[in-house]
Amino acid sequence: MMLANTRLSQPAVASKRSAGSRVIVCKAATTVPNKPEPVQRIQAPAPGAQDDDKPYLNVIPNNGQWHNGIPPVMGGHLMSSGTVAPISTSKGAGIDLVPHQFQYHDTETDVNVLLYVTPEKAQAGLVKLVEEAAAEAVKAKGAFTLVLSGGSLPSLLAPLAASKSVDWSKTHIFYVDERNVPHSSADSTHKAVSEALLSKVPIPAAQVYAIAEGLPVGQAATQYEGRIISIPAAALPRTEGAALPKFDLILLGVGPDGHVASLFPNRPETAATSGWVLPVSNSPKPPPERITFSLPVINAAKEVAIVALGEGKKEIVQRALEVQALPGALPAQLVRPKGGKLKWILDVASAQDLDIAAWNESKQWPRSSF
Ligand SMILES: O=C1O[C@H](COP(=O)(O)O)[C@@H](O)[C@H](O)[C@H]1O
């Protein structure tokens, strides 16, 4: 189903109980010919009812699992012949490349795709998600730890300033990645978030974890990690065993290359299995120096949402949700909070290349036809 060609005003809401007891609710369009209904209905909307504020929720069960076995290392992937391709020993153009061990996820994570009719509705949905996570966290442990991205995300958070549901005195703000620039720089995520939100809410300054200014990037990452480590477990619990911080909610953007936070395709930071906050010294996207949470920290969160709105994101949304890449190649596909919740927040423009009608439990990767 190409959403670009569909009308979203007459939702056919459908759902199904799977073996894993997950509910699938698919948005089906009315104008797609010769396509079967994606799944069965659980709850038909009341006649004439139309609640566009609600997203059309699509769950991709066990999204991204490798059904043919997990390749042992990057470059050692399974070939169609059934044999494992060896790691290249070429001394050619890749002479300086160190073969990195990228994480291959083997956990079952259902991906919840929240598709909104307009970017404004998606923004409202995002705000509600934050409000609900805040209320739940404050009720459970008296503190809410919210981790933010830069880029297009900060401006989407502006309506939170008027929210009555977030207790700012109990909220702690972190950045999943940050550019190693002064806070006054136009590149600073902290500046963008401060202008859009933090300057308008009564949050104690000590609860906003900005990068230290003027340090070499390695020290900036170490310093940021140290500040996180010093937060009491009552406010920021740790995971069992791995002892990673368990943030309540991490909001990610996604770049056109599939990067999330400052974890770029085929980069050593993306492969890192240890460390909470990593330095990035030659980012392919300017500015070159950044710090970033590691994937294990992102995946230890209680809840993660990837926000991708607008036509400019349609290609990466389609690739990330329907075409399985080798892990280093598409960092967004490595976001799989263990035991936690993963949501993608989309609007019609960013979702227009998805073939949602083809999503069902029996269909494995790749989900698209090519
Ligand atoms: O450089 C960055 O890019 C990503 C994506 O940004 P967007 O403007 O395309 O939404 C962002 O999530 C990340 O925090 C930022 O440092």
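Residues numbered from 1 in each chain as written. Predicted model: local features only at pLDDT ≥ 70, side-chain atom pairs only at ≥ 80, totals over all residues.

Novice: Help me out: how do you make sense of the overall build of the protein in this one?
Specialist: A count of helical and extended segments in the protein gives eight helices and 12 strands. Across the 370 residues in the protein, those meeting the buried criterion constitute 41%. The long-range fraction of contacts in the protein, counting pairs at least 24 apart against all pairs at least 6 apart in sequence, stands at 75%. (Helix = DSSP H or I, 4+ residues; strand = E, 2+ residues; numbered from the N terminus. Buried ≥ 20, exposed ≤ 12 C-beta atoms within 10 Å, placed from the backbone. Contact = placed C-beta atoms within 7 Å.)

Novice: What is the right way to read the site of the ligand from this model?
Specialist: Neighbouring the ligand are S149, G150, G151, S152, L153, D177, L252, G253, G255, A261, S262 and K285. Across the shell around the ligand, the residue classes tally to three nonpolar, seven polar and two charged. (Near = placed C-beta within 6 Å. Nonpolar A, V, L, I, M, F, W, Y, C, P; charged D, E, K, R; others polar.)

Novice: What's the story with the environment of G255 in this structure? I'm lost.
Specialist: Structurally, G255 is set in the loop between β8 (249-252) and α5 (268-271). It is 9.6 Å that separates the C-alpha atoms of G255 and K285, two residues lying 30 residues apart in sequence.

Novice: What is the right way to look at the sheet that holds strand β10 (residues 290-293) in this model?
Specialist: Read across the open sheet, the three strands follow the order β7-β10-β9; overall the sheet is antiparallel. Here the strands that pair on one side only, and so sit at the sheet edges, are β7 (177-179) and β9 (277-280). With direction set aside, neighbouring strand axes in the sheet form an average angle of 15°. For β9 and β10, the ladder comprises four bridges, and the chain directions are antiparallel. Pairing of L278 across the sheet is with T292, part of β10. This element, helix α4 (residues 217-229), spans β9 and β10 of the sheet and lies at about 165° to β9. (Pairing = 2+ DSSP bridges. Axes fitted to C-alpha atoms, helices over the stretch in contact; angles between N-to-C directions.)

Novice: Help me out: how do you make sense of the environment of G253 in this one?
Specialist: Mapped onto the secondary structure, G253 falls in the loop between β8 and α5. Its 23 C-beta neighbours within 10 Å are what place G253 among the buried residues. Once the C-alpha coordinates of G253 and P182 are considered, the two residues, 71 residues apart in sequence, prove to be 22 Å apart.

Novice: Before we go on, may I ask you to explain helix α3 (residues 189-196) in this structure?
Specialist: Helical periodicity: at 3.6 residues per turn, an α-helix aligns residues three or four positions apart in one direction. Buried within α3 we find T189, H190, K191, A192 and V193. Elements in contact with the buried residues of α3: β5 (144-148), α2 (153-156), β6 (171-175) and β7.

Novice: What is the right way to read unusual backbone geometry from this model?
Specialist: It is generally the case that most residues other than glycine have a negative phi and that most peptide bonds are trans. That bond from P286 to P287 is cis: its omega, -5°, falls within 30 degrees of zero. Along the polypeptide, P287 turns up in the loop between β9 and β10. Located in the positive-phi region is A261, a residue other than glycine, with phi close to 50°. Here A261 lies in the loop between β8 and α5. The phi angle at N266 is positive, at roughly 55°, despite the residue not being glycine. When you line up the elements, N266 lands in the loop between β8 and α5.

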